[in-house]
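Structural characterization, general
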Amino acid sequence: MMDRWFTYLLIGVLLAITAGLFFSLLRAIRGPRMADRILGINMTGSLTTAAIGVLAVLLEQSWLLDVCLIYCMISFLAVVVLAKISIASHEEQEEFDDV
Amino acid sequence: MFETLRFWIAAVLMLCGVVSAGISILGVFRFHFVMNRMHCAAILDTVSMACIFGGLMVATGSLSYIPKLLAALVVLWVGSPIASHLVGRMEIATDETVAEHVKMEEDTDGCD
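Residues numbered from 1 in each chain as written. Chains lettered and ligands numbered in written order. Predicted model: local features only at pLDDT ≥ 70, side-chain atom pairs only at ≥ 80, totals over all residues.

1. Here's the deal with the overall build of chain B
What counts is decided by this rule: Counting from the N terminus, the helices are the DSSP runs of H or I reaching at least four residues and the strands are the DSSP runs of E reaching at least two. Here the globule rule is a power law, 2.2 Å times the number of residues to the power 0.38, and the radius of gyration is based on C-alpha atoms. Exposure criterion: with C-beta atoms placed from backbone coordinates, a residue whose C-beta has 20 or more other C-beta atoms within 10 Å is buried, one with 12 or fewer is exposed, and one in between is partly exposed. By definition, residue pairs are in contact when their C-beta atoms, positioned from the backbone, come within 7 Å.
When its secondary structure is counted, chain B shows 3 helices and 0 strands. In sequence order, chain B lays out its α and β elements as α-α-α. The C-alpha radius of gyration computed for chain B amounts to 18 Å, which surpasses the reference 13 Å derived for 112 residues by more than 25%, pointing to a less compact arrangement than a globule. Principal axes of the C-alpha set define a box for chain B whose edges measure 60 × 25 × 15 Å. Residues classed as buried in chain B amount to 35% of the 112 residues present. A fraction of 57% describes how many contacts in chain B between residues 6 or more apart in sequence connect residues 24 or more apart.

2. Some remarks on the overall build of chain A
Across its full length, chain A holds 3 helices and 0 strands. Taking 13 Å as the expected radius of gyration for a compact globule of 99 residues, we find that chain A reaches 18 Å, considerably beyond that expectation. Referenced to the eigenvectors of the C-alpha coordinate spread, the extents of chain A come out at roughly 75 × 25 × 10 Å. Each of the 99 residues in chain A was classed as buried or not, and the buried ones make up 39%. Long-range contacts, defined here as pairs at least 24 residues apart, represent 46% of the contacts in chain A between residues at least 6 apart.

3. Side note on the packing of helix α1 (residues 2-30) of chain B against helix α2 (residues 34-60) of chain B
Residues and elements named next belong to chain B. What counts here: Lines are fitted to the C-alpha atoms to define the axes, a helix being fitted only along its stretch in contact, and any angle between axes, read from their N-to-C directions, falls within 0 to 180 degrees. Roughly parallel here means an angle under 35 degrees, roughly antiparallel means over 145, roughly perpendicular means 65 to 115, and every remaining angle is called oblique. Put simply, a crossing is left-handed when the front helix is turned counterclockwise from the back one by less than a right angle, and right-handed when it is turned clockwise. Put simply, Ala, Val, Leu, Ile, Met, Phe, Trp, Tyr, Cys and Pro go in the nonpolar bin, Asp, Glu, Lys and Arg in the charged bin, and everything else, Gly too, in the polar bin.
It is the contact of α1 with α2, at a shortest axis distance of 8 Å, that shows an interaxial angle of 165°. As far as their axial angle goes, α2 and α1 are roughly antiparallel. The handedness of the crossing between α1 and α2 is left-handed. A breakdown of the residues in the contact of α1 with α2 according to their chemical character gives 17 nonpolar, 7 polar and 2 charged.

4. Structural notes on the confidence of the model for chain A
Filter applied, for reference: By definition, pLDDT measures how confident the predictor is in each residue, and it falls between 0 and 100.
Mean pLDDT over chain A stands at 89; residues scoring 70 or higher make up 98%. Here helix α3 (residues 64-98) of chain A is the element of chain A with the lowest mean pLDDT, 88, and helix α2 (residues 34-59) of chain A is the one with the highest, 92.

5. A closer look at the packing of α2 of chain A against α2 of chain B
α2 of chain B packs onto α2 of chain A with a crossing angle of 5° between their chain directions and a minimal axis gap of 10 Å. Compared by their axis directions, α2 of chain A and α2 of chain B come out roughly parallel. Side by side, α2 of chain A and α2 of chain B meet where A35, D36, L39, N42, M43, S46, A50, G53, V54 and V57 of chain A of the first sit next to V34, R37, M38, A41, L44, D45, M49, I52, F53, L56, A59 and T60 of chain B of the second. A per-class count over the contact of α2 of chain A with α2 of chain B returns 15 nonpolar, 4 polar and 3 charged.

6. With respect to the interface of chain B and chain A
Taken together, the contact between chain B and chain A spans 40 residues of the former and 38 residues of the latter. Of all elements in the fold, only α1, α2 and α3 (66-94) of chain B reach the threshold of two or more residues within the side of chain B that touches chain A.

7. Here we look at the environment of C72 of chain A
Of note, C72 of chain A is situated in helix α3. Sequence-wise, C72 of chain A and N42 of chain A are 30 residues apart; in three dimensions their C-alpha atoms are separated by 9.6 Å. Beyond its immediate sequence surroundings of up to four residues, C72 of chain A is in contact with G45 and T49 of chain A together with A72, V75, L76 and G79 of chain B.

8. Looking at the nonpolar core
Cut-off, in case you're wondering: We define the nonpolar core as any set of buried residues of the types Ala, Val, Leu, Ile, Met, Phe, Trp, Tyr and Cys, connected via C-beta atoms lying within 7 Å of each other.
Core analysis: the largest hydrophobic core is formed by 53 residues, its most contacted members being V13 and C68 of chain A together with A72 and V87 of chain B. Those elements that place two or more of their residues in this core are α1 (2-30), α2 and α3 of chain A together with α1, α2 and α3 of chain B. In contact with C68 of chain A, other than residues within four places in its own chain, are T49, I52, G53 and A56 of chain A together with A72 of chain B.

This is the structure:
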């Protein structure tokens, strides 16, 4: 009896996360600044991590949580690399403008 | 009885997570300054994820799930401030008009 309610709950959470994913992707596409795009990517990564976690519980597949763990590490790495690249390219542009 | 209690605790936690994620996303669209938007995005990484993952832990109640869920939550919590710090540094370094919104001490670039 309760299993059915747990399934409904998890599907509801998954739908809400999907809506959130849409809006965070929209933020990443619209910008307007580079920081907004990176924030959008960061939010998308976090929501995807949550979605994988919910799926792991819903489908009763604990190995999906390993994917979830790796995904949040890669998401963090992507944000760090994008921010570093953006800072470096801006500094390079400033040096070029000075010359 | 115990199953019902477990369901309601998980439901309340996940609902809190979803509502705080909604507030966070709303803030990301409503605020005009990027640092404020960054603050809103940080709510999603911390409060929402803690509530959703906490709800999942209660929902499963299994030792094959809880440590992995906890590990993912810890990685998110450790990574989020570092990522926010880097994005903030990037914004200070690239935005020439940032001084109009943020008061910074002299002789620093706002990053120390």
